[in-house]
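# Observations on chain architecture
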Protein chains: 2
Amino acid sequence: MPEPVDPDTGDRGLGSEEIRSHLEAAVVAVETAGPIALRYFRSGVEVANKAGGAQFDPVTSADREVEASIRSDLGRLFPGYGVLGEEQGVVESDSSLRWVIDPIDGTRAFISGVPLWGILLGLTRGSECLAGVMHQPYTGETFLGTREDAWLRRSGKEQALRTSTTSGLSSAILYCTHPSMFVRESDRSGFGRVAAASRMMRYGGDCYSYALLAMGQIDLVIEGSLEPYDIIPLIPIVEGAGGVVTDGQGGSALGGGIVVAAANPELHARALETFNT
Amino acid sequence: MPEPVDPDTGDRGLGSEEIRSHLEAAVVAVETAGPIALRYFRSGVEVANKAGGAQFDPVTSADREVEASIRSDLGRLFPGYGVLGEEQGVVESDSSLRWVIDPIDGTRAFISGVPLWGILLGLTRGSECLAGVMHQPYTGETFLGTREDAWLRRSGKEQALRTSTTSGLSSAILYCTHPSMFVRESDRSGFGRVAAASRMMRYGGDCYSYALLAMGQIDLVIEGSLEPYDIIPLIPIVEGAGGVVTDGQGGSALGGGIVVAAANPELHARALETFNT
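Please read all numbers here as calculations on a predicted model, not as lab measurements. Residue positions are counted from 1 within each chain, in the order its sequence is given. Each chain takes a letter, starting from A, and each ligand takes a number, starting from 1, following the order in which they are written. Where totals are concerned, whole chains, interfaces and linings use all residues; where local detail is concerned, this predicted model gives features only for residues with pLDDT of at least 70, and gives and counts side-chain atom pairs only at 80 or more. The side-chain numbers reported here are obtained from all heavy atoms of the structure, hydrogens and water having been left aside.

Turning to the confidence of the model for chain A, a few remarks are in order. Looking at chain A as a whole, its pLDDT mean stands at 92, while 90% of the residues score no less than 70. Scored as a complex, the prediction yields pTM 0.93 and ipTM 0.92. A residue's pLDDT is the predictor's confidence in that residue, given on a scale from 0 to 100.

Residue and element names in this part refer to chain A. Two strands pair if DSSP finds at least two bridges between them. Numbering of helices and strands starts at the N terminus; helices are DSSP runs of H or I of at least 4 residues and strands are runs of E of at least 2. With mixed pairing, 5 strands are arranged side by side in an open sheet as 12-11-13-15-14. Whereas interior strands pair on both sides, the edge strands pair on one side only; in this sheet they are strand 12 (200–203) and strand 14 (244–247). Strand-to-strand, the axes of this sheet are offset by a mean angle of 20°, without reference to chain direction. Where strand 13 (residues 220–226) lies against strand 15 (residues 257–262), 5 bridges are found, and the strand directions are antiparallel. Each axis is a line fitted through C-alpha atoms, taken for helices only over the stretch in contact, and angles between the N-to-C directions span 0 to 180 degrees.

Residues and elements named next belong to chain B. Running from N to C, helix 4 (residues 185–197) and helix 8 (residues 265–276) cross one another at 130°; their axes reach a closest spacing of 7 Å. The orientation of helix 4 relative to helix 8 falls into the category oblique. The handedness of the crossing between helix 4 and helix 8 comes out as right-handed. Together, D187, G190, F191, R193 and V194 of helix 4 and A271, T274, F275 and N276 of helix 8 make up the contact between the two elements. The cut-offs work like this: below 35 degrees is roughly parallel, past 145 is roughly antiparallel, 65 to 115 is roughly perpendicular, and the gaps in between are oblique. By the definition used in this description, the sense in which the near helix is turned from the far one sets the handedness, with an anticlockwise turn below a right angle giving left-handed and a clockwise turn giving right-handed. The contact criterion used is simple: two residues touch if any of their non-hydrogen atoms lie within 4.5 Å.

Interfaces are often sized by the accessible area lost when the parts come together. Taken together, the 33 residues of chain A in the interface contact 33 residues of chain B. When chain A packs against chain B, the two sides together hide about 2,800 Å² of surface, and 57% of this comes from carbon and sulfur. When a carboxyl oxygen of Asp or Glu lies within 4 Å of a side-chain nitrogen of Lys or Arg, that pair is called a salt bridge. Taken together, the links from chain A to chain B amount to 2 salt bridges. Between E141(B) and R42(A) there is a salt bridge whose closest N-O contact spans 2.8 Å. Elements that contribute at least two residues to the side of chain A that touches chain B include exactly helix 3 (107–112), strand 9 (150–154), strand 11 (173–176), strand 12 and helix 5 (207–214) of chain A. It is helix 3 of chain A that provides the largest number of residues to the side of chain A that touches chain B, a total of 5 residues. In the side of chain A that touches chain B, the residues fall into 19 nonpolar, 8 polar and 6 charged. The term buried area refers to how much accessible surface (probe radius 1.4 Å) is lost by two components on association, counted for both of them together. Under the scheme applied, nonpolar residues are Ala, Val, Leu, Ile, Met, Phe, Trp, Tyr, Cys and Pro; charged residues are Asp, Glu, Lys and Arg; polar residues are all the others, including Gly.

Residues and elements named next belong to chain A. Segmenting chain A into domains produces domain 1 (16–152) and domain 2 (169–275). Here domain 1 and domain 2 have C-alpha centroids that lie 21 Å from each other. Taking both sides of the interface into account, the surface hidden between domain 1 and domain 2 amounts to around 2,000 Å²; carbon and sulfur atoms contribute 74%. Together, L116, C129 and R147 form the three largest contributors to the area buried by domain 1 at its contact with domain 2, with a combined 26%. At the junction of domain 1 and domain 2, the tally comes to 1 salt bridge. The salt bridge partner of R147 is E239, with a shortest N-O separation of 2.8 Å. N or O atoms within 3.5 Å of each other form a polar contact, as long as, within protein, one can give a hydrogen and the other can take it, and as long as residues adjacent in sequence are counted only when both atoms are side-chain atoms. For the pair domain 1 and domain 2, the interface holds 4 residue pairs in polar contact (both at pLDDT 80 or more). When contributions to the side of domain 1 that touches domain 2 are tallied by element, the ones reaching two or more residues are strand 5 (97–105), strand 6 (118–125), strand 7 (128–136), strand 8 (141–145) and strand 9. Of the residues in the side of domain 1 that touches domain 2, the class split is 17 nonpolar, 10 polar and 8 charged. Delimitation of the domains relies on an automatic or database domain assignment.

So, about the relation of the copies chain A and chain B. To line up the copies, we fit them by least squares on C-alpha atoms, keeping just the residues with pLDDT of at least 70 in both. Once chain A is rotated about the relating axis by 180° and shifted along it by 0.0 Å, it coincides with chain B to within an RMSD of 0.0 Å. The operation mapping one copy onto its partner corresponds to a two-fold rotation axis. Counting the interface residues of chain A, we find that 100% of their copies in chain B are interface residues as well, pointing to one common contact surface.

Okay, the packing of aromatic side chains next. Under the pairing criterion, centres of Phe, Tyr and Trp rings, with the six-membered ring standing for Trp, must be within 6.5 Å; the plane angle then separates stacked pairs below 30 degrees from edge-to-face pairs above 60, leaving the rest tilted. For the structure on display, the rule yields 19 aromatic pairs over all chains. Consider the rings of F110(B) and W117(B), whose centres lie 4.8 Å apart with planes at 75°: the pair is edge-to-face. This pair shows no difference in class: F110(B) is buried, exactly as W117(B) is. Pairwise contacts between aromatic rings join F182(A), F191(A), Y203(A), F182(B), F191(B) and Y203(B) into one cluster. R42(B) extends its terminal NZ or CZ atom over the ring of Y138(B), reaching a point 4.6 Å from the ring centre. Any Lys NZ or Arg CZ found within 6 Å of a ring centre and within 35 degrees of that ring's normal is scored as a charge over the ring. For R154(B), the ring lying beneath its charged end belongs to Y138(A), and the centroid distance is 3.7 Å. Relative accessibility under 20% of the residue-type maximum defines a buried residue, over 50% an exposed one, and the middle range a partly exposed one, all with a 1.4 Å probe and only protein chains included.

Proteins that are soluble and globular tend to have nonpolar side chains buried together. Ranked by size, the top nonpolar core spans 192 residues in total, and within it I70(A), F191(A), I70(B) and F191(B) carry the most contacts. Every residue in contact with F191(B), bar those within four places of it in the chain, is listed here: L174(B), C176(B), F182(B), M201(B), Y203(B), I222(B) and F275(B). Nonpolar cores were defined as sets of buried Ala, Val, Leu, Ile, Met, Phe, Trp, Tyr and Cys residues, with membership established by side-chain atoms within 4.5 Å.

Written as structure tokens, this is what we have:
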């Protein structure tokens, strides 16, 4: 069956084979950029202050160079596509297909020397996330997914990823990068209720937490203040492994903000209900 | 100059050469145990509940097997020495020299699939920490120190470790594994004051935070509820790189509890003062 045509752009969608070939191109792009990031990792990198003043929002040369490398690779292979990147903004396009780049997700982990940051690259068509990749060059791991399947590649080996079957909150391991992600009091208390009902809650992790969720190692990730590029590339990995990713109301997570990611629909429903009670 | 004789045991102390040879034996012992731990890492390991009931304190077969391997190696090479291990308790000895083992520091990270746990092994003589090793087998890193020097070994390369020169709290990056480590209200508020005065505070890390401190990547680690074996093997690594490790009052950290570890004496004094204000 041919893929449906986008009513706005006239674009045909991508079939499974085409999604896989885009995914492999994305893997090459992030793994090519890995050594660039590693040159700056633990090297006494100069930290710029994007926010200026008291608010601390580190951006490094690594961020900028990684994104430039990925944009250059993708621009050559997919010249007509849109691009959204953290550092260099949006390239508009007539195509409904758009690459979404977070050159270094977890810059605070990066500048601290913690190897849990990642290079993120996703492909969207309108409001659909078709494929996503997360690469951690220090550990040599690449997590990739198409919403139908997800894999971890390391040292030339590939393993399929499968989320856990944990369905009750009292058995669930919950992760969140930092409590300051929840700006509204209602979100803070919602997170507190889920944490109190969980078996264990840990902070830290950035994009790596979503990879652990896809691997079945942890069961829930609930975060706030996310940008679209922080979460879009991770959605196909988590969903390809069997998980569910939504915003705080159970709607699309593509806009960022509050994100509730769970190992399976049952646990997701329970977490969402407890978060919003 | 010969090392002083211990008045209680009649033991002679160890010279620098002897400390180094003990350190190398410790490196072999933890690196031999690494593959044992990795067999259980991300393998759907059964989690026992040491505390029983509602309190969650995971202990895995990995913990027990790693400690048994290290005890066996050390027992062969150093038959007269005392041993303190998390899992199998104390072996008393007439010697003032004692090996201190934490087979898997960061079992919560371990069961979550986060590669920031470590195999810890330290050597004490009375109240002195002579040498310490932390091994992270998934990332392939071994951090080691003698209080005079500290190094990171990875992929056949060795680099000397040096803490940062950050002397002001407002420039410091502070780490702590989890806020629940602070049981007393005064400790919680003391930590809150240091965190508020710091450039950045992040949770997570376990033993890995002390390795990042020794590398000069972060500047402060303040934690609570530590057991002696959680911190003893890390002291020679941090101090060998130029840092300072004490308890919450500025005294010896060997007893565990509250630990204040800083990149240098100036920052340590400021953190301690702010913690106790």
